[in-house]
Amino acid sequence: MAVVGVSRGESRRQVARALACVTSTVVSAVNRYLRGRRKALVDRRAANGEAKVDERFLAILSRVLAGTPEEVGWCHPTWTRELLTLHPTALAHRR
């Protein structure tokens, strides 16, 4: 999207604002495109190691999210990232 925005004549700053990112991210994407065209824009995280979320984790998360924090003793009506990390089933998945 950064490359498309700049190719339409928008400034890198305008594109960054529209994409909610910093200008340097847009500059990097455009420079990569100019050096290597479409091939340079392929997600380079593809070989970033073993996936951290597997089917077992998703199943546990689904079960936890089906309830509320109050049902398991927390004094909060909705799940937060912090509560999810503190929930006992989160400990079972840590390596």
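Look a little higher up for the structure.
This is a predicted model, so every value here is computed, not measured. (Residues numbered from 1 in each chain as written. Predicted model: local features only at pLDDT ≥ 70, side-chain atom pairs only at ≥ 80, totals over all residues. Heavy atoms only, no water.)

### Considerations on the overall build of the protein chain
No. 1: Looking only at helices and strands, one finds 6 helices and 0 strands in the protein chain.
No. 2: Secondary structure elements of the protein chain, listed N to C terminal, follow the sequence α-α-α-α-α-α.
No. 3: Classification of the 95 residues of the protein chain by burial places 19% in the buried group.
No. 4: Within the protein chain, residue pairs in contact and separated by at least 24 positions form 27% of the contacts whose partners lie at least 6 positions apart. (Helix = DSSP H or I, 4+ residues; strand = E, 2+ residues; numbered from the N terminus. Buried < 20%, exposed > 50% of the residue type's maximum accessible area, 1.4 Å probe, protein only. Contact = heavy atoms within 4.5 Å.)

### With respect to unusual backbone geometry
No. 1: Even without a glycine there, the phi angle at Ala20 is positive, about 55 degrees.
No. 2: Tracing the backbone shows Ala20 in the loop between helix 2 (12–19) and helix 3 (23–36).

### Let's talk about the packing of helix 2 against helix 3
Angle between the axes and distance between the axes are the two parameters that describe a pair of packed helices.
No. 1: Interaxial distance between helix 2 and helix 3 falls to 8 Å at its minimum, and their mutual angle equals 115 degrees. Between helix 2 and helix 3, the interaxial angle falls into the category roughly perpendicular. Seen from above, helix 2 lies across helix 3 with right-handed handedness. In this structure, helix 2 contributes Arg12, Arg13, Val15 and Ala16 to the contact, and helix 3 contributes Thr23, Val26, Val27 and Val30.
No. 2: Its residues assigned to classes, the contact of helix 2 with helix 3 comprises 5 nonpolar, 1 polar and 2 charged. (Axes fitted to C-alpha atoms, helices over the stretch in contact; angles between N-to-C directions. Parallel < 35°, antiparallel > 145°, perpendicular 65-115°, else oblique. Left-handed = near helix turned anticlockwise from the far one by under 90°. Nonpolar A, V, L, I, M, F, W, Y, C, P; charged D, E, K, R; others polar.)

### Quick look at the environment of Gln14
No. 1: Secondary-structure assignment places Gln14 in helix 2.
No. 2: On the basis of relative accessible area, Gln14 is assigned to the partly exposed category, the value being 41%.
No. 3: Spatially, the C-alpha atoms of Gln14 and Val26 are 9.7 Å apart, while their sequence positions differ by 12 residues.

### Section: the nonpolar core
No. 1: Ranked by size, the top nonpolar core spans 8 residues in total: Ala2, Val3, Val6, Val15, Ala16, Val26, Ala29 and Val30.
No. 2: At the level of secondary structure, the elements contributing two or more residues to this core comprise helix 1 (2–7), helix 2 and helix 3.
No. 3: The residues contacting Val30, other than those within four sequence positions of it, are Ala2, Val3, Val6 and Arg12. (Core = buried A, V, L, I, M, F, W, Y, C linked by side-chain atoms within 4.5 Å.)

### A few points about helix 3
No. 1: Here helix 3 contains 14 residues, and its C-alpha end-to-end distance of 20 Å stays within 8% of the 20 Å for a straight helix at 1.5 Å per residue.
No. 2: Among the residues of helix 3, Val26, Ala29 and Val30 are the ones counted as buried. All buried residues of helix 3 project into a common sector of 95 degrees when viewed along the axis, lining one side.
No. 3: On its buried face, helix 3 sits against helix 1 and helix 2.
No. 4: Positive backbone phi, approximately 55 degrees, marks Arg37, located one or two places after helix 3. (Expected span 1.5 Å × (residues − 1). Arc of directions from axis to C-beta.)

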